[in-house]
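Given next are the chains, with one letter for each unit.
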Amino acid sequence: MRSKSPLEVGHPAPDFKLTDEHGRCASLNDYRGQTLVVAFCPDYWDPALPLRLAQLNEVLGRLPAGFEAVGISHAGVMVDLDFGTYGCVRFPFLQDRSSNDVVSRAFGVKGQEALFVIDGAGIIRWRQIGFSGPQLTVDELIQSAGLDKRDEPHSISRRDFLVTVAAVAVALTLLPRQAKGTVQESPKGLPVALDINGSRHTLNIEPNVTLLDALRERAGLTGTKKGCDHGQCGACTVLIDGRRVNSCLLLATMQQGKRITTIEGLAHEGELHPMQEAFIKHDGLQCGYCTPGQILSAVACVHEGHASNDDQIQAWMSGNICRCGAYVGIREAIKDARAKTLKESIV
Ligand code: FES
Ligand code: FES
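Residues numbered from 1 in each chain as written. Chains lettered and ligands numbered in written order. Predicted model: local features only at pLDDT ≥ 70, side-chain atom pairs only at ≥ 80, totals over all residues. Heavy atoms only, no water.

Asks: Which residues make up the nonpolar core, and what values do they have?
Replies: Of all hydrophobic cores here, the largest spans 24 residues; its most connected members are Met275, Phe279, Met317 and Ile334. Every element with two or more residues in this core is listed here: helix H7 (274-281), helix H8 (291-304) and helix H10 (327-343). A total of seven residues in this core trace back to one element, the largest contributor, which is H8. Ignoring sequence-local partners within four residues, the contact set of phenylalanine 279 consists of Gly284, Leu285, Thr291, Gln294, Ile295, Ala298, Ile330 and Ala333. Membership of the second largest hydrophobic core comes to 20 residues, among which are Ala13, Leu18, Phe40 and Phe116. (Core = buried A, V, L, I, M, F, W, Y, C linked by side-chain atoms within 4.5 Å. Buried < 20%, exposed > 50% of the residue type's maximum accessible area, 1.4 Å probe, protein only. Helix = DSSP H or I, 4+ residues; strand = E, 2+ residues; numbered from the N terminus. Contact = heavy atoms within 4.5 Å.)

So, in structure tokens, the structure goes:
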């Protein structure tokens, strides 16, 4: 069946009636008169999903009455498990796949992550298709959305106020991808010039933004992945002056004057780096989420002289976790690409 485009703002939201895993039923009609956020999960695994859910969950908990949300899963077990790890979810999590994804198809977002804000009359007032990662703290979201001033007189109607709040809060949670080299303005930001993959990126960022978030959300370089965001998985590995680092543990403002290499900067003049080619050749990946970090770490590992044999590779690549367990292929790829990698400049 030809897939439909996502419904536009101003379009009536299709009604739905679904049940959650406990058999509780919810329909769009149940929310008439309230502002409703409908959050669709993607049909692929993404370790950042629980974090995004938790953030939305927390924002919702601090919004005024009259604002509701439902999650809709049209995915498989992995996504449900990820979301299920958050027992504190404030909103129903409805199952669409038992109905053959009829609701996500009706919204035109089958298989995609998406958010719709639907007003009390059932009209779509805002939407976000796709995702690029949570950035701001809940306090920042609340403040940016104007909720800290909610007791002050407002010139717009309560419904418009709630819809505006929802749209801003959700928009900030799901910042759109930025084109390479663009500047993300922030009222609290400082101009920071970063040398990324040989290009100068001038970003306006707050002092507490990590390098990982600056790369992904401000510079639009989403090849660097966010796994744990705590320095434990290696998914966010990049090279700084040729040394591998966990970008989730570094402040972006402190990287001025250093050469940052991300996975986007590894290929040269349209040719993959030998390590990239070797990962493909030896099936050094399955889902691919850890792969950018694995490849950059592997390149550095070779240049460090820590890839002489299987034991060394295992020990010196142990900071890069692969949930799919593609370790055998990764090890073979590193051994295969070792000689060619040493002939390449590391940055
Ligand atoms: Fe896991 Fe940085 S995201 S170490
Ligand atoms: Fe899937 Fe490593 S986590 S390939």
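Resuming the write-up.
Asks: Tell me about the packing of aromatic side chains, residues and numbers included.
Replies: One pair of aromatic rings is described through two measures. These are the centre distance and the angle between the planes. Counted according to the given criterion, the structure contains three aromatic pairs. Where phenylalanine 40 meets phenylalanine 116, the ring centres are 6.0 Å apart and the plane angle is 85 degrees; that geometry is what we call edge-to-face. Here phenylalanine 116 lies in strand S6 (residues 114-118) and phenylalanine 40 lies in strand S3 (residues 35-40), a separation of 76 residues in the sequence. Classification of phenylalanine 116 by relative accessible area gives buried; the value is 0%. (Phe/Tyr/Trp six-rings, centres within 6.5 Å; stacked < 30°, edge-to-face > 60°.)

Asks: Explain the pairing of strand S1 (residues 17-20) residue by residue, including any values.
Replies: On a regular strand, one side chain projects to one face of the sheet and the next to the other, so that they alternate. Side chains Leu18 and Asp20 project from S1 onto a buried face, and the interleaved Lys17 and Thr19 project onto a face without burial. Sheet topology note: the S1/strand S2 (residues 25-27) ladder contains three bridges and is antiparallel. Note that in S2 the partner of lysine 17 across the bridge is serine 27. (Pairing = 2+ DSSP bridges.)

Asks: Report on the pairing of S3, specifying residues and quantitative values.
Replies: Most of S3 sits inside the fold, with six of its six residues counted as buried. With six bridges connecting them, S3 and strand S4 (residues 67-73) associate as parallel partners. Residue pairing in the sheet places valine 37 in a bridge with alanine 69 of S4. Here S3 pairs with S6 via five bridges, running antiparallel. Among the inter-strand pairings, leucine 36 is bridged to a residue of S6, identified as isoleucine 118.

Asks: Can you break down the sheet that holds strand S12 (residues 259-261) residue by residue, with the values?
Replies: The strand order across the open sheet formed by five strands is S9-S8-S12-S10-S11, and the pairing between neighbours is mixed. This sheet does not close on itself; its edge strands, each paired only once, are strand S9 (199-205) and strand S11 (243-246). Here the average twist between neighbouring strands, direction ignored, is 40 degrees. Here strand S10 (residues 237-240) pairs with S12 via two bridges, running antiparallel. Bridging across to S12, leucine 239 finds its partner in threonine 261. Against the sheet, helix H6 (residues 211-218) makes contact with strand S8 (190-196), S9, S10 and S12, and its axis sits at roughly 100 degrees relative to S9, the strand it touches most. Against the sheet, H8 engages S10, S11 and S12, with an angle of about 45 degrees to S10. (Axes fitted to C-alpha atoms, helices over the stretch in contact; angles between N-to-C directions.)

Asks: Can you explain unusual backbone geometry? Please cite residues and give values.
Replies: Non-glycine residue aspartate 229 carries a positive phi angle of around 65 degrees. Of note, aspartate 229 is situated in the loop between H6 and S10. Here aspartate 229 falls in the partly exposed class, since its relative accessible area comes to 26%. A positive phi angle is found at aspartate 283, which is not glycine, with a value near 50 degrees. Position of aspartate 283 among the secondary structure elements: in the loop between H7 and H8.

Asks: Give me the environment of serine 297: which residues, what numbers.
Replies: Turning to its location among the elements, serine 297 is positioned in helix H8. In this structure serine 297 comes out as buried when scored by relative accessible area, which is 1%.

Asks: So, the confidence of the model for the protein chain: which residues are in play, and what are the values?
Replies: For the protein chain, the average pLDDT comes to 77, and 69% of its residues sit at 70 or higher. When the criterion is pLDDT under 50, residues 140-184 qualifies, and its contacts beyond four places in sequence or with other chains add up to 94 contacts. (pLDDT = per-residue confidence, 0-100.)

Asks: Can you explain the packing of H8 against H10? Please cite residues and give values.
Replies: Packing of H8 against H10 leaves a shortest axis separation of 9 Å and a crossing angle of 55 degrees. Taken as axis vectors, H8 and H10 run oblique relative to one another. The two elements H8 and H10 cross, and the hand of that crossing is right-handed. When H8 is examined against H10, the residues Gln294, Ala298, Val299, Val302 and His303 are found in contact with a partner set consisting of Ile330, Ile334, Arg338, Thr341 and Leu342. Taken together, the residues of the contact of H8 with H10 sort by class into six nonpolar, three polar and one charged. (Parallel < 35°, antiparallel > 145°, perpendicular 65-115°, else oblique. Left-handed = near helix turned anticlockwise from the far one by under 90°. Nonpolar A, V, L, I, M, F, W, Y, C, P; charged D, E, K, R; others polar.)

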